[in-house]
Amino acid sequence: MTSTAPADVQKLIRPLKSSIKRLLQELVRTNSVAILSGGDEMAAQRVLQGFFRDQGIRAELYDTAFITDSGFAQVRKNKSYVGRKNLSVRLQGSGRGKSLLLNGHIDTVPAGKGAWSRSPWSGQFSQGRIHGLGSFDMKAGLAANAAMVCALKRAGIKTGGDIFFESVVDEEWGGGGGTIAARLRGDTADACVIPEGTQLEIYRATRGGFVVDLVVDAGDPSGYFSTAEVVSPAMPIGRLLGWVAELAKKRSKLKSKSAYKKFADPVPVQVLAVESNRLDADVPLSVPSRATVRVYLQFLPEEDVDAIIASLRRQLETFCASDPFFAKYPVQWLPLIGGPLYGHEVASDHPWLQCMEQSAERVLGKTAITTAAPYPCDAGLIHRDFGIPTLLFGPCGAGAHNPDEYVEFDSVIKTAEVLLTAALSWANG
Ligand SMILES: [Zn+2]
């Protein structure tokens with residue numbers, strides 16, 4: 001592998017600093033919220049396309065709706081892809097090197113009901129941070145990817161292998177639709193990096209994930225003002241929560257052999273929400289007839305996710321059969337987004353990982369930490385289903401999926417420098 005001195009890489013990125021900052025602010029100010037059933041990412045994709053145009057780079061927008069009829073098993077059935085386009089840039093290499101894919105998602109989760117100190121769309125820059133929804137997850141990563149592509153183009157550097165930039169739709173909510181469209185379309189590479197927020201650490205693995213609503217419909221609320229027995233699922237779900245707590249305890253004892261070895265709780269089981277009636281002031285004093293426990297399960301890359309889910313369903317049935325209330329009113333198993341996401345892992349001695357580790361060390365001036373992601377993402381799809389070894393490396397920040405999200409702007413530039421160093425080494429090696 002050839003390597004470029006950090007000072008030379010800095011020289012290539014520095015002139016782009018202010019335009020990358022403006023791009024990131026504009027992206028944050030542009031709504032690209034996805035909800036469970038769909039999303040409208042087009043305005044933000046056009047911001048990116050305009051940025052590339054100003055830099056003399058052609059960026060192609062293409063439809064993703066074709067995946068609905070593709071027959072690909074992991075396409076979500078409950079989502080619409082009509083009008084949702086991916087954006088792609090290709091820097092053609094000389095053909096004498098390995099290719100690299102820079103993937104990132106443009107969609108964000110909704111702003112939520114929590115209180116934001118500034119507008120989620122402020123894009124405000126203060127004390128080194130850019131604030132707003134999607135700043136950290138992951139418009140900053142897209143900006144870093146864009147910086148790296150522009151640096152190559154401006155300097156007229158032709159790498160050996162091709163460099164692909166893609167901004168995909170539908171990553172949040174475990175969609176994967178944008179990434180699936182990109183791969184089914186045929187865009188492939190010898191390696192991939194996704195600059196999700198990683199605090200400038202390298203993540204060589206991601207977890208699988210699955211969200212399921214455990215729903216109990218019970219009783220007849222009209223019984224409340226009568227002499228009949230009042231049946232409600234509200235108290236029995238305490239026992240259901242106990243079942244989930246037992247499961248969490250059992251799972252927490254699992255020892256990982258993978259990149260998750262050092263995680264205190266490598267496979268968290270979380271309750272995301274419990275609902276049985278509402279506490280809103282305008283809801284009368286009534287008996288609930290439905291109760292829901294939303295459970296978020298995560299899985300190690302080496303686990304057989306489908307077998308575990310099947311076994312959990314059987315265990316839940318056994319639990320219900322042994323409980324007089326749930327024997328009568330069984331717990332329904334309703335997956336929130338459909339099937340699970342699967343994790344992935346890049347081997348600790350893989351050449352792409354070595355390349356990223358060396359590049360990060362050169363730019364950051366210290367040994368880069370290599371660990372594993374505390375979340376699932378599109379990396380599992382890219383690596384597991386399409387055979388492209390995928391690493392995560394991205395900026396520092398906080399508040400992803402929460403109010404007051406921000407990203408440290410200097411770390412966005414550092415990310416771009418590390419990615420450029422890695423790309424020059426990988427694609428010319
Ligand atoms: Zn993300």
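A quick note: this is a predicted structure, and the numbers were derived from the prediction, not measured.

For the protein chain, the helix and strand inventory stands at 11 helices and 18 strands. C-alpha atoms of the protein chain, sized along the principal axes, occupy 85 × 45 × 45 Å. Looking at the 429 residues of the protein chain, the share that counts as buried comes to 55%. A separation of at least 24 residues holds for 84% of the contacts in the protein chain among residues at least 6 apart in sequence. For the protein chain, the computed accessible surface area is about 18,300 Å², with 52% contributed by carbon and sulfur atoms. Where the 47 positive side-chain charges of the protein chain centre and where its 45 negative ones centre are 5 Å apart.

Let us look at the domain arrangement of the protein chain. Here the domain parsing of the protein chain yields domain 1 (6-206 + 343-428) and domain 2 (208-335). Centre-to-centre, using C-alpha coordinates, domain 1 lies 35 Å away from domain 2. The interface of domain 1 with domain 2 comprises 13 residues on the first partner and 9 residues on the second. Summing the contributions of domain 1 and of domain 2, the shared interface buries around 830 Å²; its carbon and sulfur component is 54%. Interface area lost by domain 1 to domain 2 is led by Glu345, Ala372 and Pro376, which between them contribute 43%. Across the domain 1-domain 2 interface, the total number found is 0 salt bridges. Seen at the junction of domain 1 and domain 2, the total is 4 residue pairs in polar contact (both at pLDDT 80 or more). At the level of elements, β9 (205-206) and β14 (344-345) are the ones that each hand at least two residues to the side of domain 1 that touches domain 2. The residue makeup of the side of domain 1 that touches domain 2, split by class, is 6 nonpolar, 4 polar and 3 charged.

This part is about the pairing of strand β3 (residues 100-105). Regular strands place their side chains on alternate faces of the sheet. Taken across its 6 residues, β3 has 6 buried, putting it largely inside the fold. The side-chain alternation of β3 yields two buried faces, one formed by Leu100, Leu102 and Gly104 and the other by Leu101, Asn103 and His105. Two strands pair when backbone bridges link them, and β3 and strand β6 (residues 163-168) are joined in this way by 6 bridges, in the parallel orientation. Bridge pairing in β6 links leucine 100 to isoleucine 163.

Our focus in this paragraph is the sheet that holds β3. Read across the open sheet, the 8 strands follow the order β1-β2-β6-β3-β7-β16-β8-β15; overall the sheet is mixed. The sheet terminates laterally at β1 (60-63) and β15 (370-371), the two strands that pair on one side only. As paired elements, β3 and strand β7 (residues 191-194) share 3 bridges and run parallel to each other. Note that in β7 the partner of leucine 101 across the bridge is cysteine 192. With respect to the sheet, helix α4 (residues 135-155) is in contact with β2 (85-91), β3, β6 and β7, its orientation differing from that of β3 by roughly 145°. Lying on the sheet, helix α5 (residues 177-184) is in contact with β1, β2, β3 and β6; it crosses β6 at an angle near 145°.

Another point: the packing of helix α6 (residues 236-252) against helix α7 (residues 305-321). Running from N to C, α6 and α7 cross one another at 140°; their axes reach a closest spacing of 12 Å. Classed by the angle they form, the pair α6 and α7 counts as oblique. You can see that α6 and α7 cross each other, and the crossing is right-handed. Across the interface between the two elements, Arg239, Leu240, Trp243, Leu247, Lys250 and Arg251 of α6 pack against Ile308, Leu312, Gln315, Leu316 and Phe319 of α7. When its residues are assigned to classes, the contact of α6 with α7 shows 7 nonpolar, 1 polar and 3 charged.

Together, Tyr224, Phe225, Val230 and Leu285 line one region of the surface with nonpolar side chains, adding up to about 510 Å² of accessible area. For phenylalanine 225, the location among the structural elements is in the loop between β10 (208-217) and α6. Taking the relative accessible area as the measure of exposure, phenylalanine 225 reaches 77% and is therefore exposed.

Under ideal tetrahedral coordination, the four donors around a metal are separated by 109.5 degrees; under ideal octahedral coordination, the six donors are separated by 90 or 180 degrees. Looking at the zinc ion, one finds its protein donor set to be His105 (NE2), Asp137 (OD), Glu196 (OE) and Glu196 (OE), positioned 1.9 to 2.5 Å from the metal centre. Coordination geometry of the zinc ion: the 4 donor atoms subtend angles of 54 to 144° at the metal centre, consistent with an arrangement described as irregular. When the donor residues of the zinc ion are listed from N- to C-terminus, their spacing reads H-x31-D-x58-E. Separated by 59 residues along the polypeptide, aspartate 137 in helix α4 and glutamate 196 in the loop between β7 and β8 (202-203) bring together distant segments of the chain. Neither aspartate 137 nor glutamate 196 differs from the other in exposure class; each is buried.

Cut-offs used in this document
- Residues numbered from 1 in each chain as written.
- Predicted model: local features only at pLDDT ≥ 70, side-chain atom pairs only at ≥ 80, totals over all residues.
- Heavy atoms only, no water.
- Helix = DSSP H or I, 4+ residues; strand = E, 2+ residues; numbered from the N terminus.
- Buried < 20%, exposed > 50% of the residue type's maximum accessible area, 1.4 Å probe, protein only.
- Contact = heavy atoms within 4.5 Å.
- Areas by Shrake-Rupley, 256 points an atom, 1.4 Å probe, with all protein chains shown as cover.
- Lys, Arg positive; Asp, Glu negative; His and termini not counted.
- Charge placed at Lys NZ, Arg CZ, Asp CG, Glu CD.
- Domains from an automatic or database assignment.
- Buried area = accessible area lost by both parts, 1.4 Å probe.
- Salt bridge = Lys/Arg side-chain N within 4 Å of Asp/Glu carboxyl O.
- Polar contact = N/O pair within 3.5 Å; in protein donor to acceptor, adjacent residues only side chain to side chain.
- Nonpolar A, V, L, I, M, F, W, Y, C, P; charged D, E, K, R; others polar.
- Pairing = 2+ DSSP bridges.
- Axes fitted to C-alpha atoms, helices over the stretch in contact; angles between N-to-C directions.
- Parallel < 35°, antiparallel > 145°, perpendicular 65-115°, else oblique.
- Left-handed = near helix turned anticlockwise from the far one by under 90°.
- Patch = residues over 30% accessible without salt bridge, like charges linked within 9 Å, V, L, I, M, F, W, Y side chains within 5 Å.
- Donors = N, O, S within 2.8 Å, 3.2 Å for Na, K, Ca; no water.
- Tetrahedral: all angles 85-135°; square planar, octahedral: opposite > 155°, others 65-115°.

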